[in-house]
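As a plain string of letters, each chain reads:
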Amino acid sequence: MLKHHIFVFGLLLLIVFSGSGCIEMDHHLQIQRDGSAVYRLHYAITEQAITQFRAMFSLRRDLALAEGSVPARDPAPLIMTFLDPSTSAIREQLQQWQQYGVSMRSLRQNTRPQWRDFSLVLDIEDISRLADIPFFAQQGFSLERKETGQYIFNRPALVKSADRIPPNFSQQEIEHIRPFLAGFSTEVRIEVPGRITSTTANQTSLQTAIWTFDFNRRPESLHQLMLQQFHVIFQPPSGVALPHVRLAEE
């Protein structure tokens, strides 16, 4: 039973490391023709979920000690900030990105009982400089031009090997994780400066790719999120030359 709980909480912590969890989160990245970008985030987490995450980290440490091992390190400071967020803490973390040409256009906390609900807009002067941000270098995306002139936008899957997670949750596992993930939903929207010719998204328009994951409607969406590669190939207009962006692991 102890090893079962360690597996379940290990899986939950993998979700936390990805920047997801028991939250509502909508991402919108709009890449401009000049290589700049605008990033919009709507993020909400319940007060109950904040308390549960605190308890989860405490339990993780206790389980590690019970196994005679060293507790794993906490996620990156920015991720930890969003697990117990405030406008001042978010602003403090993101102000460090100003030196890389990332400025905060707006940050507001929305009124919502029993939730911490935020709307954020960032202006990015040059997407090629994002790779210099340590957090982005590990958690961001790559953008490269093919010989055909098309561009490839790619965000690797959170889990590269499917055998690192079970193919499906058992009913017992669903019951263990439901308190943490009930209400979890996220949407990723990538808007590119050109016509999309291929993508792994489940919704597309001429220049926008959208991925949607909702645990309440489809519990298997959690697996899909962890294994999802965010991949877009697009043809830019004539004369448009975008900067290349590469992740540290690439």
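Scroll up a little and you will see the structure.
This section reports on the structure supplied with the text. (Residues numbered from 1 in each chain as written. Predicted model: local features only at pLDDT ≥ 70, side-chain atom pairs only at ≥ 80, totals over all residues. Heavy atoms only, no water.)

Some points on the pattern of salt bridges
Going by this rule: Counted as salt bridges are all cases of a side-chain nitrogen of Lys or Arg within 4 Å of a carboxyl oxygen of Asp or Glu. Strands are runs of DSSP state E lasting at least two residues, helices are runs of H or I lasting at least four, and both sets are numbered from the N terminus onward. Think of it in three bands: residues with accessible area under 20% of the maximum for their type are buried, residues over 50% are exposed, and the middle band is partly exposed, with areas taken using a 1.4 Å probe on protein chains only.
What the rule picks out here adds up to 8 salt bridges. The partner of R112 in a salt bridge is E24, with the nearest N and O atoms 3.3 Å apart. Of this pair, R112 sits in the loop between β3 (102-110) and β4 (115-124) while E24 sits in strand β1 (residues 24-31), and the two are 88 residues apart along the sequence. Residue classification places E24 among the partly exposed residues on the basis of a relative accessible area of 22%. In this structure, the salt-bridge partner of D123 is R105, at a minimum N-O distance of 2.7 Å. Note that D123 is positioned in strand β4 and R105 in strand β3, a separation of 18 residues in sequence. Put simply, E47, R54, D84 and R116 are held in one network by salt bridges that share partners.

Here's the deal with the packing of aromatic side chains
Just so we agree on the cut-off: In this analysis, rings of Phe, Tyr and Trp, with Trp reduced to its six-membered ring, are considered paired at centre separations within 6.5 Å, and the interplanar angle assigns stacked below 30 degrees, edge-to-face beyond 60, and tilted for intermediate values.
A complete count under the given rule lists 7 aromatic pairs for this structure. Ring centres 5.0 Å apart and planes at 75° place the aromatic pair Y43 and F82 in the edge-to-face group. Taken together, the residues span a long stretch of sequence, with Y43 in strand β2 (residues 37-46) and F82 in helix α3 (residues 77-83) at a distance of 39 residues. When its relative accessible area of 2% is taken as the criterion, Y43 is described as buried. The exposure class of F82 is buried, given its relative accessible area of 13%.

Points about the environment of S58
In this fold, S58 is placed in helix α2 (residues 47-66). According to the relative accessible area criterion, S58 is partly exposed, its value standing at 31%. Put simply, S58 and P71 are 13 residues apart on the chain and 9.9 Å apart in space, counted from C-alpha to C-alpha.

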